[in-house]
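Structural description and commentary
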Amino acid sequence: MAHLLGGLATPLLCKPISAASSSSSFNHNYASASASSSHALDSLYIKRAAELADKSAGFTAPHPNFGCVISVPNGGGTVVGEGYLYAEGTTPAEVQAVEAAGEQCRGATAYINMEPGDCHSDRSAVSALIKAGISRVVVGIRHPLQHLRGNAIHALRSEGLQVNVLGEDTQNKTIEEAIKSCLFVNAPLLYRAACRVPFSFLKYAMTLDGKIAASSGHASWISSKKSRTRVFEMRGRSDAVIVGGNTVRRDNPRLTARHGGGHLPGRIVLSQTLDLPEEAHIWDVSEVPTIVATQRGARRSFQRLLASKGVEVVEFDILDPRDVMEYLYDRGYLSILWECGGTLAASAISSGVIHKVHAFVAPKIIGGKNAPSPVGELGMVEMTQALELTDVCYEQIGPDILINGFLQPVPDLTPTIPSVQETSAIDPTISPYESSIIFFYKTWDPYGAFSNFSLHPIQMPDENEELVTWSSVEHYYQAQKFVGASDPVAKSCIEEIKCAKSPEEAARIGRRIQRQQPNLVRPNWESIKIDVMYKALKCKFTTFPYLNSLLLSTAGSVLVEGSPHDLFWGGGRDGEGLNYLGRLLMKLRSEFLGDSSTSQNSLLPQTSENK
């Protein structure tokens, strides 16, 4: 994995043009800090934890990036173990670091860039530190999600470990820089939590005189090959890439992450009129899905054509960048790369949805009064109105200079008032989860354990009635699409899904194979998939008692899977979805409560189990 991820740290944790390699820089800084205060050492190791965490950017989405460093105070602060989280479902960073350090953990200090997310009683990260004998834990920043913030810190302190959160007792420039590295490495999660839109960064390449194309529109190539390789890496760190209709018409892009690692971002096209070509690279969804966002009622016939190609079309009353981003937030997107022209870029900036800018400046001059610029009209008439970037970094890439900085400061999510959990601990009459309708979707939600993507292993019988362990319900569900086929390719597909490192990866593999090789899908899949999901859910909620208790605690509430785009398993964008996942959970809840005759069963389709 190192050869895939090792070069991805620089776009986020940027460095000066003449910076040395990260390892030599770390050793030099350590030698300087070891002769300084303990705060300097804490800051140095937290920066290292953030650097490790950044190696998995793009692969962990939509989950946070975690890194852990363990050092031995008696050895002058020698590092004895390191690790980072690759994706949900893989070994936590803390567990990796503890395993690497072994017996040297006794009395050692662990440094983590962000407080672990104690999701749904999964305390493996916290337990690893406690059982290993770690005596002190330094946390870069608290968890940004309110229902998780403070849980792991409280759990560690309750076991007698000393826990220090960087900057909460002492402030200086060194500590501020270390905290900033922690904020940067999880900027997408922080922006998403604070702004309720995905983290968005605008990328463009321009000449020295500020042109993104010649007057004729020709734009290949402004930047160097090395810069274009960096763009592929940026795509590999993103959930999706956005372009406008002009880019599709003019450039016919593929928007892939070639050379950018294993993650392939989705493609999103914004077009009011759908004046788009019938044939384009971006309509090929065999490897990567494409979404087209448009104005309601635009070219219905063309919408049907796109649908026949497997392209998803989403209509908006008014195609505004903020409305689109709020919709993508609802879909669970974490990070968006905008690679659009000047007109759409200006609209996105004006809407306040662009958080960071990456500008590649090539040492070229092309001139031209009508040559397009990277950002269109913003309505500003005085230089005092110009938008200024903060935390600006400069990096030389081949002959080009990459300038990046934030248009909006990274949000500070430190609570100024007690959280609901802290308040309810004082006043038990206050409940954070009172609701007649309970929505769940992503695994980070308070009821995220209800999701089929939550990481709760289940054991299910195979065709020979032998129990097989699956990492999640989603792993099992996706694999069942290909069970029973005599084709050996189908069997290899099942094994590939079973070995997927996260539920998201299992879903991507299963859906891709279903699109590319529909002949491998079992012929009765549509009629049995509800039963498959129900049996897997029943196994999950039977295996884990605390999940069973959580489900039973919702008695009297309607459960709705909040996916805005899944009209079968989810509730849909405007409540038009069938919500079969929520229905199955309510049926399961009734079964556990011994009330299988409730009217909730009438919500279910007539499957083989309830005919």
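Use the structure listed above.
Bear in mind the structure is a predicted one, so any value in this text is a computation, not a measurement.

Attention now goes to the overall build of the protein. Looking only at helices and strands, one finds 20 helices and 18 strands in the protein. A burial count over the protein gives 53% of its 611 residues as buried. At a minimum sequence separation of 6, the contacts of the protein that also span at least 24 residues come to 70%.

Before going further, it helps to examine the sheet that holds strand E2 (residues 78-84). Read from one edge of the open sheet, five strands run E2-E1-E3-E4-E5, paired in mixed fashion. Only two strands of the sheet have a single partner each, and these edge strands are E2 and strand E5 (162-165). Each strand axis lies, on average, 20° off the axis of its neighbour in the sheet, ignoring direction. Across four bridges, the pairing between strand E1 (residues 67-72) and strand E3 (residues 109-114) is antiparallel. In the strand pairing of E3, Cys68 is matched with Ile112.

Right, let's get into the packing of aromatic side chains. Applying the stated criterion across every chain yields a total of 16 aromatic pairs. Centre to centre, the rings of Tyr45 and Tyr111 are 4.9 Å apart; their planes meet at 40°, and the pair counts as tilted. Of this pair, Tyr45 sits in helix H3 (residues 38-53) while Tyr111 sits in strand E3, placing them 66 residues apart in sequence. Like Tyr111, Tyr45 is buried. Among the aromatic residues, ring-to-ring pairing joins Phe184, Tyr191, Phe199, Phe201 and Phe406 into one connected group. Taking the ring centre of Phe568 as reference, the NZ or CZ of Lys529 above it sits at 4.2 Å.

When the terminal C-alpha atoms of helix H7 (residues 173-185) are compared, their 19 Å separation across 13 residues agrees well with the 18 Å that a helix rising 1.5 Å per residue should span. Residues Ile175, Ala178, Ile179, Ser181, Cys182, Leu183, Phe184 and Val185 constitute the buried set of H7. Lining the buried residues of H7 we find H3, E3, strand E4 (136-141), helix H8 (187-195), strand E13 (390-397) and strand E14 (400-406).

Once that is clear, we can look at the sheet that holds E14. Reading across from one edge, E10-E9-E8-E7-E11-E6-E12-E14-E13 is the order of the nine strands in this open sheet, with mixed pairing throughout. Edge positions in the sheet fall to strand E10 (312-316) and E13, since each has one partner strand and no second. Between one strand axis and the next, the sheet turns by 20° as a mean value, whatever way the strands run. Across five bridges, the pairing between strand E7 (residues 240-244) and strand E8 (residues 266-270) is parallel. When the sheet's bridge partners are listed, Val243 is paired in E8 with Val269. Along the sheet, helix H11 (residues 300-308) contacts strand E9 (290-295) and E10; its crossing angle with E10, the most-contacted strand, is approximately 145°. Together, strand E6 (199-207), E7, E8 and strand E11 (335-338) form the strand contacts of helix H13 (residues 342-350), whose direction differs from that of E7 by roughly 120°.

With that out of the way, let us pick up a nonpolar patch on the surface. On the surface, Ile437, Phe439 and Val558 cluster together to form a nonpolar patch covering roughly 270 Å² of accessible area. Note on Ile437: relative accessible area 39%, which makes it partly exposed.

Further remarks concern the pairing of E14. For E14, the tally of buried residues reaches five of seven residues, placing the bulk of the element in the interior. Here six bridges tie strand E12 (residues 356-362) to E14, and the two strands are oriented antiparallel to one another. Residue pairing across strands places Val357 opposite Gly405, the latter belonging to E14. Bridge analysis of E13 against E14 gives six bridges, and the strand direction is antiparallel. Bridge assignment links Glu395 to a residue of E14, and that residue is Leu402. Between E13 and E14, which pair antiparallel in sequence order, lie two residues; one of them, Gly398, sits at a positive phi of approximately 60°.

Here the focus is the environment of Lys540. Along the polypeptide, Lys540 turns up in helix H18 (residues 525-543). Residues Lys540 and Ile458, 82 residues apart in the sequence, show an inter-C-alpha distance of 5.7 Å. Apart from residues no more than four positions distant in its own chain, Lys540 is found in contact with Ala449, Phe450, Ser451, Ser454, His456, Ile458, Val473 and Leu547.

Mapping Lys529 onto the fold places it in helix H18. Residues contacting Lys529, with those up to four places away along its chain left out, are Tyr477, Phe568 and Trp569.

Right, let's get into the environment of Ser271. Here Ser271 shows up in the loop between E8 and E9. Note on Ser271: relative accessible area 5%, which makes it buried. Between the C-alpha atom of Ser271 and that of Ala298, which follows or precedes it by 27 residues, the distance is 9.3 Å. In this structure, Ser271 is in contact with Leu276, Ala293, Thr294, Gln295 and Leu319, ignoring residues within four places of it in sequence. Separated by 3.0 Å, the side chain of Ser271 and the backbone nitrogen of Leu274 make a polar contact.

Once that is clear, we can look at the nonpolar core. It is characteristic of soluble globular proteins that their nonpolar side chains tend to be buried jointly. Membership of the largest hydrophobic core comes to 81 residues, with the highest contact counts inside it found for Ile70, Ile134, Val137, Val269, Ile282 and Trp283. Considering each element in turn, this core owes the most residues, six residues, to H7. Not counting residues up to four positions away in its chain, the partners in contact with Ile70 are Thr78, Val79, Val80, Gly81, Ala97, Val98, Ala101, Cys105, Ala108, Thr109, Ala110 and Ile134. Ranked by size, the runner-up nonpolar core spans 47 residues in total, among them Trp470, Leu520, Val532 and Met586.

This part covers the state of the cysteines. Across all of its chains, the model carries zero disulfides by this definition. Residue Cys105 stays outside any disulfide, its sulfur separated by 8.6 Å from that of Cys68, the closest cysteine.

Turning our attention to unusual backbone geometry. Excluding glycine, residues mostly carry a negative phi; peptide bonds, for their part, are mostly trans. Despite not being glycine, Leu255 shows a phi value in the positive range, around 55°. Here Leu255 lies in the loop between helix H10 (245-251) and E8. Judged by its relative accessible area of 4%, Leu255 is buried.

Before going further, it helps to examine the packing of helix H16 (residues 488-498) against helix H17 (residues 503-516). Running from N to C, H16 and H17 cross one another at 160°; their axes reach a closest spacing of 8 Å. Classed by the angle they form, the pair H16 and H17 counts as roughly antiparallel. Two packed elements cross with a definite hand, and for H16 against H17 that hand is right-handed. Across the interface between the two elements, Cys493, Glu496 and Ile497 from H16 touch Ala506, Ile509, Gly510, Arg512 and Ile513 from H17. In the contact of H16 with H17, the residues fall into five nonpolar, one polar and two charged.

Rules of the game
Residues numbered from 1 in each chain as written. Predicted model: local features only at pLDDT ≥ 70, side-chain atom pairs only at ≥ 80, totals over all residues. Heavy atoms only, no water. Helix = DSSP H or I, 4+ residues; strand = E, 2+ residues; numbered from the N terminus. Buried < 20%, exposed > 50% of the residue type's maximum accessible area, 1.4 Å probe, protein only. Contact = heavy atoms within 4.5 Å. Pairing = 2+ DSSP bridges. Axes fitted to C-alpha atoms, helices over the stretch in contact; angles between N-to-C directions. Phe/Tyr/Trp six-rings, centres within 6.5 Å; stacked < 30°, edge-to-face > 60°. Lys NZ or Arg CZ within 6 Å of the ring centre and 35° of its normal. Expected span 1.5 Å × (residues − 1). Patch = residues over 30% accessible without salt bridge, like charges linked within 9 Å, V, L, I, M, F, W, Y side chains within 5 Å. Areas by Shrake-Rupley, 256 points an atom, 1.4 Å probe, with all protein chains shown as cover. Salt bridge = Lys/Arg side-chain N within 4 Å of Asp/Glu carboxyl O. Polar contact = N/O pair within 3.5 Å; in protein donor to acceptor, adjacent residues only side chain to side chain. Core = buried A, V, L, I, M, F, W, Y, C linked by side-chain atoms within 4.5 Å. Disulfide = S-S within 2.5 Å. Parallel < 35°, antiparallel > 145°, perpendicular 65-115°, else oblique. Left-handed = near helix turned anticlockwise from the far one by under 90°. Nonpolar A, V, L, I, M, F, W, Y, C, P; charged D, E, K, R; others polar.

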